[in-house]
Amino acid sequence: WAANYSVCKCGEFKYLSGPRCEIDKFDDMIVELYESAPRYTQHLSHIIVVDKDFETLTRIWVLKEIHRGQELRVPQYAIQPSEQKDLEKLKDLKEKIDIRKAKATIQADYDRIIASIADADAFNKKLKHVLFDQHSGIFEAWTAKVCAKFFDIIDPLK
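Everything in this summary refers to the structure shown in the same document. This one's a predicted model, so the numbers in the text were calculated from it and none came from an experiment. (Residues numbered from 1 in each chain as written. Predicted model: local features only at pLDDT ≥ 70, side-chain atom pairs only at ≥ 80, totals over all residues. Heavy atoms only, no water.)

Let us look at unusual backbone geometry. Despite not being glycine, Phe54 has its phi angle at roughly 60°, a positive value. Relative to the helices and strands, Phe54 resides in the loop between strand E1 (46-49) and helix H2 (60-71). Residue classification places Phe54 among the buried positions, given a relative accessible area of 1%. (Helix = DSSP H or I, 4+ residues; strand = E, 2+ residues; numbered from the N terminus. Buried < 20%, exposed > 50% of the residue type's maximum accessible area, 1.4 Å probe, protein only.)

Two elements in contact, helix H1 (residues 26-36) and H2, have axes separated by 10 Å at closest approach and are oriented at 30°. Classed by the angle they form, the pair H1 and H2 counts as roughly parallel. Once H1 is placed against H2, the crossing between them reads as right-handed. Residues Phe26, Asp27, Ile30 and Val31 of H1 lie in contact with H2, whose contacting residues are Trp61, Lys64, Glu65 and Arg68. Here the contact of H1 with H2 is composed, by residue class, of four nonpolar, no polar and four charged. (Axes fitted to C-alpha atoms, helices over the stretch in contact; angles between N-to-C directions. Parallel < 35°, antiparallel > 145°, perpendicular 65-115°, else oblique. Left-handed = near helix turned anticlockwise from the far one by under 90°. Contact = heavy atoms within 4.5 Å. Nonpolar A, V, L, I, M, F, W, Y, C, P; charged D, E, K, R; others polar.)

No statement about biological role is implied by the geometric values presented.
This is the structure in structure tokens:
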């Protein structure tokens, strides 16, 4: 999976765990942003960018981040492939999503996230509803109107 992405060439040491690690702070950061974003001047949204194979939705951090965003009631939007052949893959994934089968680059991340979930079946049920409910699911509700509203938020000067 990581071979698909270029590695940062800045030369700085990469901390993979602990307080100096930059990749395991989503829970803290989303709460900080949520609590500090002034409601009248900023719009906090969680954008989920999905690859054409929907591999993104097999990653444990992504699933946990979606769940955490829902707990905080942060509006979530998906930017996803639009070709019909790609969307068929999403239909296949609907039944297969399971936090226990999700992938992690670092085993300690997997272990920490799984340990933080009291009821994996309830987590999966809620996650499937959030993603695929025909009226409100992130992937079902992505329409041209929602897309246009999203771009008004990120580029209000257009």
